[in-house]
Amino acid sequence: MGDLSEEMRMPTACPECGSHSVRLSEARNPDDKVFCSSCNTLRGQYADLQKELENKPKSETERLLEEVVNKKSNAPDQS
């Protein structure tokens, strides 16, 4: 059985380590917990972080970074 999680980039950094990368369940249920990919700190529930992605004002650079990183993590597995 393979890994059932994926990574995304968030606009805000982890308060513990400063990473923007989070790990979440592929199911993406609203109440799924989301963790920092670097230090495993709980970043919140998927529903709250999804709102942050949709509503958080960001620079054009940050928007482009998120678009590229998050698109890669949503791409079908090529293996």
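Structure first, text after, so check above.
Cut-offs used in this document
- Residues numbered from 1 in each chain as written.
- Predicted model: local features only at pLDDT ≥ 70, side-chain atom pairs only at ≥ 80, totals over all residues.
- Heavy atoms only, no water.
- Salt bridge = Lys/Arg side-chain N within 4 Å of Asp/Glu carboxyl O.
- Helix = DSSP H or I, 4+ residues; strand = E, 2+ residues; numbered from the N terminus.
- Buried < 20%, exposed > 50% of the residue type's maximum accessible area, 1.4 Å probe, protein only.
- Pairing = 2+ DSSP bridges.
- Arc of directions from axis to C-beta.

(A) Geometry of the pattern of salt bridges. Using the criterion set out here, one finds 1 salt bridge in the structure. Notably, a salt bridge pairs Arg 28 with Glu 6, separated by 3.2 Å at the nearest N-O pair. Here the residue Arg 28 occupies a position in the loop between strand 2 (21-25) and strand 3 (33-36), and Glu 6 occupies one in strand 1 (residues 5-9), the gap between them amounting to 22 residues. On the basis of relative accessible area, Glu 6 is assigned to the buried category, the value being 13%.

(B) The arrangement of the pairing of strand 2 in detail. Note that strand 1 and strand 2 share 5 bridges and pair antiparallel. Each bridged residue has a counterpart across the sheet, and for Ser 5 the counterpart in strand 2 is Ser 25. Pairing of strand 2 with strand 3, which is carried by 2 bridges, proceeds in the antiparallel orientation. Paired with Val 22 across the strands is Cys 36, a residue of strand 3.

(C) How the structure looks around helix 1 (residues 46-55). All buried positions along helix 1 are accounted for by Tyr 46, Leu 49, Glu 52 and Leu 53. Buried residues of helix 1 fall within an arc of 120° about the axis and therefore sit on the same side. Residues Glu 54 and Asn 55 are exposed on helix 1 and point more than 90 degrees away from its buried face.

(D) Fine view of unusual backbone geometry. The phi torsion at Arg 28 lies on the positive side, around 55°, for a residue other than glycine. For Arg 28, a relative accessible area of 23% corresponds to the partly exposed category. Not every positive phi belongs to a glycine, and Asn 40 is a case in point at roughly 70°. Structurally, the position occupied by Asn 40 is in the loop between strand 3 and strand 4 (42-45).

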